[in-house]
Amino acid sequence: MKKKSSIWAVIAILVVIGVAVGARLMVWSGDGQATVGGPFAMADHNGRAVTEKTFAGRWMLIYFGYTYCPDVCPTALGVMSVALDGLSPAERAKLAPLFITVDPDRDRPEVLKDYVTAFAPDMLGLVGNAEQTDAAKKAFKVYAEKAKGGDQENYTVDHSSILYLMGPDGKFVQHFPHGTSAPDLLAGLKKHLN
Ligand code: NI
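In short, a report on the structure.

About the thresholds
Residues numbered from 1 in each chain as written. Predicted model: local features only at pLDDT ≥ 70, side-chain atom pairs only at ≥ 80, totals over all residues. Heavy atoms only, no water. Salt bridge = Lys/Arg side-chain N within 4 Å of Asp/Glu carboxyl O. Helix = DSSP H or I, 4+ residues; strand = E, 2+ residues; numbered from the N terminus. Pairing = 2+ DSSP bridges. Axes fitted to C-alpha atoms, helices over the stretch in contact; angles between N-to-C directions.

Turning our eyes to something else, we now look at the pattern of salt bridges. Under the definition given, this model contains eight salt bridges. A salt bridge links D105 to K146, with the shortest nitrogen-to-oxygen separation between them at 3.6 Å. Taken as a pair, D105 in the loop between β4 (95-101) and α5 (109-119) and K146 in strand β6 (residues 144-146) lie far apart in primary sequence, 41 residues in all. Ionic contacts of the salt-bridge type, sharing partners, join the residues D85, R92 and D122 into one network.

So, in C-alpha cells, the structure goes:
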C-alpha cells in the first residue's frame, strides 16, 4: 500500500513538472510573440525619457541585468559586444542594443553609462523607478530578485540571463539563451537584419 502511494506521488510530481515545462515552452512558441515584451517607460543613461516607441523602426536587442553583477552579466555582455562588432555599420544602425537594469537602487544613470559603453559605444543603459522596473520585468518575463544574505549596499541579484530580439514593430522575434556563442548570436542577428 505504501509503495503504491509513493508511485502516485512520483507520477504527480512528474505531471507538475510536465505542466511547468509545457507552460514555459509555450512562451517561446507561436503565441510567445504576443506574450514577451510590451510597453516600457524609463530613462536612458543620459537622463532622457524613453519608451518602446523611442526605438520604433529599429530592432532592439534587450538584456536585463545590473552593473554590480560578478559574472553572468559581464559574460553575456561580452558575447553581445563581440557579436555587435561583427555587424556592418549599416546593420548596426538598424539595431538598438539596450541594457535594462534590474537594480535601479544602485545603477544610477552615470554608473550605467560607464558600464554599458565599455561593452559597446552605442549600447544604451535604461533605468526606471521600482514600479517601472517591475513592469518591464513582467512584460519580458524576467526573473530578478535580491539574493538573501546581503545588506543594503552589498548584495547580489539573482536574475535570468536572456537576450531578446524585438522587431522594428516592437514585437518579440527571437530570444538567445545564456551560453549562446558570439558567432551564433552574430549569425542570428544578421539573419534578421538583412
Ligand atoms: Ni547579472
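The rest of the description comes next.
This paragraph deals with the sheet that holds β4. A sheet is described by the order of its strands in space; here seven strands give the open sequence β2-β1-β5-β4-β3-β8-β9, paired in mixed fashion. A single partner strand is all that each edge strand has here, and the edge strands are β2 (49-51) and β9 (172-177). Sheet twist, expressed as the average angle between the axes of neighbouring strands with direction ignored, equals 35°. With seven bridges connecting them, strand β3 (residues 59-65) and β4 associate as parallel partners.

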